[in-house]
Amino acid sequence: MIPRSGYHLKPENPVEKLFWGRCMISKAAAFSFYTRDSRIRRLIHQLKYKGVKEIGSELGRIYARSLKSSGFLDDIDIIIPVPLHPSKKRQRGFNQSDLISQGISDVSGIPVDTRQLFRKTVTKTQTRKLRYDRWTNVQDIFRVGDKEKLRGRHILLVDDVITTGSTIEACANEILKAEDTKVSVVALAFSLI
């Protein structure tokens, strides 16, 4: 059994608070807690580094059922996964956030858009970086293709793990440059490490 955070039921939860004063996130949640010995950590490792892609879409579907029944997804228009740089995606063979997003879409019926947000710069892994280093590592590396396609929409930004929130912050700030746009966030795990 994977311990659930229940954050999608709690306004002002720790994931939402992570972004306070940093970027305008409407709501945020994470499915579970990422700790050294957690089952979700082992599953995400299998997904990202062993290529067990089914884990991403299945966990996305499981989480989406909770998100949908709670009303968390009610006003979401588009799901956008946090993008990998094309060279990293070619190397891995897939983007884990795409798979999670597709699972959420399968249950919710909300379309996934993998073309509007892209990573323009290759960055080094965030895994062993401190908070400030993570922030500087991702500043100004994302771009929106056509801001007009996002105008007036509520975007659900999806990632696998939220640690310091630097990647989500950089993505959200770029999306929010589109007029009258809102961003909410979900991830499979919230790091407590």
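The coordinates are above.
Reference entry: report on the structure contained in this document.

### As for the sheet that holds strand E6 (residues 182-191)
Taken together, four strands build an open sheet; the order of strands is E1-E6-E5-E2 and the sheet is parallel. Each edge of the open sheet is held by one strand with a lone partner, namely strand E1 (25-34) and strand E2 (78-81). When strand polarity is set aside, the average angle formed by the axes of neighbouring strands in this sheet is 20°. Judged from the four bridges that link them, E2 and strand E5 (residues 154-162) form a sheet pairing that is parallel. Bridged to Ile79 within E5 is Leu156. On the sheet, helix H5 (residues 96-108) packs against E2, E5 and E6 and is oriented at approximately 130° with respect to E5. Across the sheet, helix H8 (residues 166-175) lies against E1, E5 and E6, angled at about 165° from E5, the strand it touches most.

### Points about the pairing of E5
When you tally the buried positions in E5, you get nine out of nine residues, the bulk of the element. Across eight bridges, E5 lies against E6 in parallel orientation. Among the inter-strand pairings, Leu156 is bridged to a residue of E6, identified as Ser184. Assessed by its sense of winding, the connection that carries the chain from E5 through H8 to E6 is right-handed.

### A few points about the nonpolar core
Of all hydrophobic cores here, the largest spans 57 residues; its most connected members are Ile104, Leu156, Leu157 and Ile162. The biggest single contributor to this core is E6, with seven residues. Those residues in contact with Ile162 that sit more than four places away from it in its chain are Val15, Leu18, Phe19, Ile168, Val185, Ala187, Ala189, Phe190 and Ser191.

### Here's the deal with the packing of helix H3 (residues 54-70) against H5
Two elements in contact, H3 and H5, have axes whose closest approach is 7 Å; the angle formed by their N-to-C orientations is 45°. Taken together, the axes of H3 and H5 are oblique relative to one another. Relative to H5, H3 is oriented so that their crossing is right-handed. Across from Gly56, Ser57, Gly60, Arg61, Ala64, Arg65 and Lys68 in H3, the residues of H5 making contact are Leu99, Ile100, Gly103, Ile104, Asp106, Val107 and Ser108.

The rules behind the values
Residues numbered from 1 in each chain as written. Predicted model: local features only at pLDDT ≥ 70, side-chain atom pairs only at ≥ 80, totals over all residues. Heavy atoms only, no water. Pairing = 2+ DSSP bridges. Helix = DSSP H or I, 4+ residues; strand = E, 2+ residues; numbered from the N terminus. Axes fitted to C-alpha atoms, helices over the stretch in contact; angles between N-to-C directions. Contact = heavy atoms within 4.5 Å. Buried < 20%, exposed > 50% of the residue type's maximum accessible area, 1.4 Å probe, protein only. Right-handed = clockwise from strand over helix to strand, strands pointing away. Core = buried A, V, L, I, M, F, W, Y, C linked by side-chain atoms within 4.5 Å. Parallel < 35°, antiparallel > 145°, perpendicular 65-115°, else oblique. Left-handed = near helix turned anticlockwise from the far one by under 90°.

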